[in-house]
Structure formats: C-alpha cells, structure tokens
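Next come the chains, spelled out residue by residue.
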Amino acid sequence: MSEHVTVVDHPLVQHKLTQMRVKDTPTADFRRLLREIAHLLAYEVMRDLPLEQTRIETPMEPMTAPQIEGKKLVLVSILRAGNGLLDGVLDLVPQARVGHIGLYRDPETLVAVEYYLKVPSDIEDRLVIVVDPMLATANSASAALTRLKEVGARNLKFLCLLAAPEGIETLSREHPDVPIFTASIDDRLDDHGYIRPGLGDAGDRMFGTR
Ligand code: PRP
Ligand code: URA
C-alpha cells in the first residue's frame, strides 16, 4: 500500500463499520455510527497538524504548553452523504471553516454532476479536508478536488469511510498530491458503480430515502 493511502484499522473503527454494513441497521443508528467513526478517522487525518507553544497558568504554576497553530482548517463536505462525516469531524474541531460542494452521480454514466459550491474565500493557505463516506469510481471525489484547486486550494486531504480499489487507483493517479484516509478498502466495484461488499447507498441510509 502506498504511503499516500492510510487505512485506519483500529478495532473500534472496524467494529462500528461492521455495524454500519448490516442491512437492518436503522437510519438513526447508521447516522450515529458514522459520526462516531468520523471522530476516530479525524484523529488520524489531523495527526500532523502543526502545534505552537503558548503560555498558560495551571492551578499550580505557569507553563508553556502546545496548542494547534492558529490557521483555521477548512472542512469540505461532498453533499449529501459527506455531511455525516462532517458532523463528526466538526465535533473535534468546532472552530473549523466549512465548505460544501454538491455533486450527484449520473446513474447511467456515473459522471459527477455539480449543482452547488460554497467555500470560504481564503482557502489558499489552509489545510482543506474533503469528506465523503464513499469512494467508488472516484468521479465525485476527483471532480471535487479539481474544483477546489480551481478556487485556490493547495493543501488537501481526502477522508472517506469505504473505498473501492478502483477509486483509490483513479484518485491517486488524478490527484497524487492528495493523501487518502479510509476505514476500509473493499473488494471491488460492481457494474453499477457500487462498492462490494460495501454498505449500499450511504446517502439513502443516512437520510432514510430511496
Ligand atoms: C455517493 C457518495 C459519493 C459518490 C461516490 O453520492 O456519497 O459522493 O456517490 O461515488 P463515485 O466515487 O463513483 O463518484 P451520490 O452521487 O449517490 O449522491 P448523494 O450523496 O446525494 O446520495
Ligand atoms: N455511493 C454509495 O453511496 N455507495 C456505493 O457503493 C457507491 C457510491
């Protein structure tokens, strides 16, 4: 596995992911599990955030202690299902700026179609973490990264829950500068562009649609 891809195989992540895969897991549980896994994935994605030293006073005495450097992160959610991961990551970094990119996959061609974009204006100098639970063909993730680079983003990471090997290969080829973090790389894509064994349609399972 290239060092460009990190599979977060912590037992807590794997256990919760198994519960999410189960077809009878209700919508409310699915959402809660995604939020909980997002906490654990965020921990890995943000492992190398720069720290700075600050002076504080404990109840005992003054000390110099580390804090995360001032520049605010940008989290970008690929709608709709990205919002489930976004909520969990935001629990850990509530001060982060948030952008949204609306993309849906054309069911015939699987090409990603953009319908919305709103990101913070000063994205150039910030770390941008793009979140979407599913990396299948990678058409959506690749289109999102291309668009974010067009509006100035230069330091990007991609965070998902499940990836297909085909999606990893495509995204690594089209955006070799963007590290990928995932909880699992599944077996394959099927003829309809679904991840197998996967967990089905993440957006539908999160929002109870079909
Ligand atoms: C899903 C998922 C990703 C995309 C992944 O979204 O949330 O955005 O498919 O597939 P890809 O790697 O082949 O592009 P979908 O298009 O179903 O839209 P939704 O989130 O609005 O349901
Ligand atoms: N989008 C999903 O929600 N699930 C898949 O398996 C593939 C794309």
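Residues numbered from 1 in each chain as written. Chains lettered and ligands numbered in written order. Predicted model: local features only at pLDDT ≥ 70, side-chain atom pairs only at ≥ 80, totals over all residues.

## Digging into the sheet that holds strand β4 (residues 74-79)
Next, step 1: Judged by pairing direction, the sheet is mixed, and its seven strands sit side by side in the order β1-β11-β9-β7-β4-β5-β6 without closing on themselves. A strand with exactly one partner marks an edge of an open sheet, and here the two such strands are β1 (5-7) and β6 (112-118). Across the sheet, the axes of successive neighbouring strands diverge by a mean angle of 20°, strand direction being ignored.
Next, step 2: Strand direction decides the pairing type here: strand β5 (residues 97-105) and β6, joined by six bridges, are antiparallel. Note that in β6 the partner of H100 across the bridge is K118.
Next, step 3: Lying on the sheet, helix α4 (residues 139-150) is in contact with β4, β5, β6, β7 (127-131) and β9 (155-159); it crosses β5 at an angle near 135°. (Pairing = 2+ DSSP bridges. Helix = DSSP H or I, 4+ residues; strand = E, 2+ residues; numbered from the N terminus. Axes fitted to C-alpha atoms, helices over the stretch in contact; angles between N-to-C directions. Contact = placed C-beta atoms within 7 Å.)

## Quick notes on the UniProt feature "binding site: 5-phospho-alpha-D-ribose 1-diphosphate" (unreviewed entry) in the chain
Next, step 1: The positions that UniProt labels "binding site: 5-phospho-alpha-D-ribose 1-diphosphate" (unreviewed entry) are, in the present scheme, R80, R105, D132, P133, M134, L135, A136, T137, A138, N139, S140 and D201.
Next, step 2: Relative to the assigned elements, A138 resides in the loop between β8 (134-135) and α4.
Next, step 3: Overall, A138 belongs to the buried group, with 27 C-beta atoms counted inside 10 Å.
Next, step 4: Those residues in contact with A138 that lie beyond four places of it in its chain are G167, T170 and L171.
Next, step 5: Structurally, the position occupied by D201 is in the loop between β14 (195-196) and α6 (202-207). (UniProt positions renumbered as here; feature names shortened; annotations may be inferred. Buried ≥ 20, exposed ≤ 12 C-beta atoms within 10 Å, placed from the backbone.)

## Here we look at the site of ligand 1
Next, step 1: Neighbouring residues of ligand 1: 24 residues in total, closest A81, A136, T137, S140 and G203.
Next, step 2: Mapped onto the shell around ligand 1, the elements with two or more residues apiece are β4, β5, β8, α4 and α6.
Next, step 3: Per-class residue counts for the shell around ligand 1 are 14 nonpolar, six polar and four charged. (Near = placed C-beta within 6 Å. Nonpolar A, V, L, I, M, F, W, Y, C, P; charged D, E, K, R; others polar.)

## Here's the deal with the environment of A202
Next, step 1: Along the chain, A202 falls in helix α6.
Next, step 2: Distance from A202 to G84, taken between C-alpha atoms, is 9.4 Å for residues 118 residues apart in sequence.
Next, step 3: Those residues in contact with A202 that sit more than four places away from it in its chain are A81, P133 and M134.

## Details of unusual backbone geometry
Next, step 1: Cis geometry marks the peptide bond from L79 to R80, where omega comes out at -5°.
Next, step 2: Of note, the bond from R196 into P197 is cis; its omega dihedral lies within 30 degrees of zero at -5°.
Next, step 3: With respect to the element layout, P197 can be found in the loop between β14 and α6.
Next, step 4: Here the phi dihedral of L110 falls at roughly 65°; this positive angle occurs in a residue that is not glycine.
Next, step 5: In this structure, L110 sits in the loop between β5 and β6.
Next, step 6: Look at L110 and you get partly exposed, because 14 C-beta atoms sit within 10 Å.

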